[in-house]
Each structure stands twice: as structure tokens, then as C-alpha cells.
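Structural features, examined
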Amino acid sequence: QVQLVESGGGLVQPGGSLRLSCAASGSIFSINAMGWYRQAPGKQRELVAGITRGGSTNYEDSVKGRFNVWKDNAKNTVYLQMNSLKPEDTAVYYCDAWIRTNAVNVAVEYWGKGTLVTVSS
């Protein structure tokens, strides 16, 4: 069994910063790509930032230059640093990871339960 647990969400004023963390735990053999998605009320879930096993990153256009994603392989943890936050960044942020477990020889996608980020004055 694998779990992804996010932390770091909250309320922040426009222009402020937050750091999200997502730790993967369980019978993990290897982790392929990890990433962050978000879903605002009434909108579809969208990819915010992703990072591959090799460390290559990609970002949604609206967060380029403001958000930074990186991972700590030793801790099976991915981070999302969010700077210059805007009200339109308000959403539930979900962690996503493609993980091979000790029992299954293919990578399976896992999701965290989400953490709410509210950008408001």
C-alpha cells in the first residue's frame, strides 16, 4: 500500500508565498514522475508542475517563473514552492506520483487527498 500525504496549504495574501510538501510512503520500489495538480471550484483539475525521475521539470504556463518544483529522493518527497501568489492560484492542490511497488512490476498512479491553498486579502 502506498500513501501520498500533502502538507503546507493555507491562507496567504496576494504576492505571498507558500511551500507544499508531499511525502510518499509504503512498499515503494521506485518512483517515476511526481507532480502537482490543482482544481479550482467549477474547473477541471490541471497539471501545475511535474518532475521526472531524472529531474526534468515542466510547468503550467501561468505559474512559470513563480513556482518551483523539486524532490528529495532519499525522503520520497516532492515540494512545490509557490511565490508571487495570485487569487487565481486558489485551489485544492493534489500530489501525484507514478510508483512501482514491491508487489507490482509496473508503475501505478497514486494521488494525495489534496491541500487547500487560498490566496486572498
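Structure report, in brief. In this text, all values refer to a predicted model and were calculated from it rather than measured experimentally.

We now examine a nonpolar patch on the surface. Residues Val 104, Val 106 and Val 108 make up a contiguous nonpolar surface patch of about 210 Å² in total accessible area. In this fold, Val 104 is placed in the loop between strand S9 (91-101) and strand S10 (108-111). A relative accessible area of 38% means that Val 104 is categorised as partly exposed.

A few words on the environment of Ser 56. The residue Ser 56 is located in the loop between strand S5 (46-51) and strand S6 (57-59) in this model. Look at Ser 56 and you get partly exposed, because its relative accessible area is 48%. Linking Ser 56 and Trp 70, residues 14 residues apart in sequence, is a C-alpha distance of 9.3 Å.

Attention shifts here to the side chain of Ser 30. Relative to the helices and strands, Ser 30 resides in strand S4 (residues 28-39). Among the residues examined, Ser 30 registers a relative accessible area of 7% and is labelled buried. Residues within four places of Ser 30 in sequence aside, it is in contact with Arg 53, Trp 98, Ile 99 and Arg 100.

Under the defined criterion, the tally for this structure stands at five salt bridges. The shortest N-O distance in the salt bridge between Arg 38 and Glu 46 comes to 2.7 Å. Among the residues examined, Arg 38 registers a relative accessible area of 7% and is labelled buried. Given a relative accessible area of 30%, Glu 46 falls into the partly exposed group. Here the salt bridges do not stand alone but share partners, grouping Arg 38, Glu 46, Glu 60, Arg 66 and Asp 89 into one network.

Simply put, the disulfide is a covalent bond whose two ends are the sulfur atoms of two cysteines. Going through the model one piece at a time under the given rule, you end up with one disulfide. Between the sulfur of Cys 22 and that of Cys 95 lies a disulfide, 2.0 Å long from S to S. Residues Cys 22 and Cys 95 share a disulfide whose torsion about the S-S bond is about -80 degrees; that sign makes it left-handed. Taken as a pair, Cys 22 in strand S3 (residues 18-26) and Cys 95 in strand S9 lie far apart in primary sequence, 73 residues in all.

The rules behind each value
Residues numbered from 1 in each chain as written. Predicted model: local features only at pLDDT ≥ 70, side-chain atom pairs only at ≥ 80, totals over all residues. Heavy atoms only, no water. Patch = residues over 30% accessible without salt bridge, like charges linked within 9 Å, V, L, I, M, F, W, Y side chains within 5 Å. Areas by Shrake-Rupley, 256 points an atom, 1.4 Å probe, with all protein chains shown as cover. Salt bridge = Lys/Arg side-chain N within 4 Å of Asp/Glu carboxyl O. Helix = DSSP H or I, 4+ residues; strand = E, 2+ residues; numbered from the N terminus. Buried < 20%, exposed > 50% of the residue type's maximum accessible area, 1.4 Å probe, protein only. Contact = heavy atoms within 4.5 Å. Disulfide = S-S within 2.5 Å.

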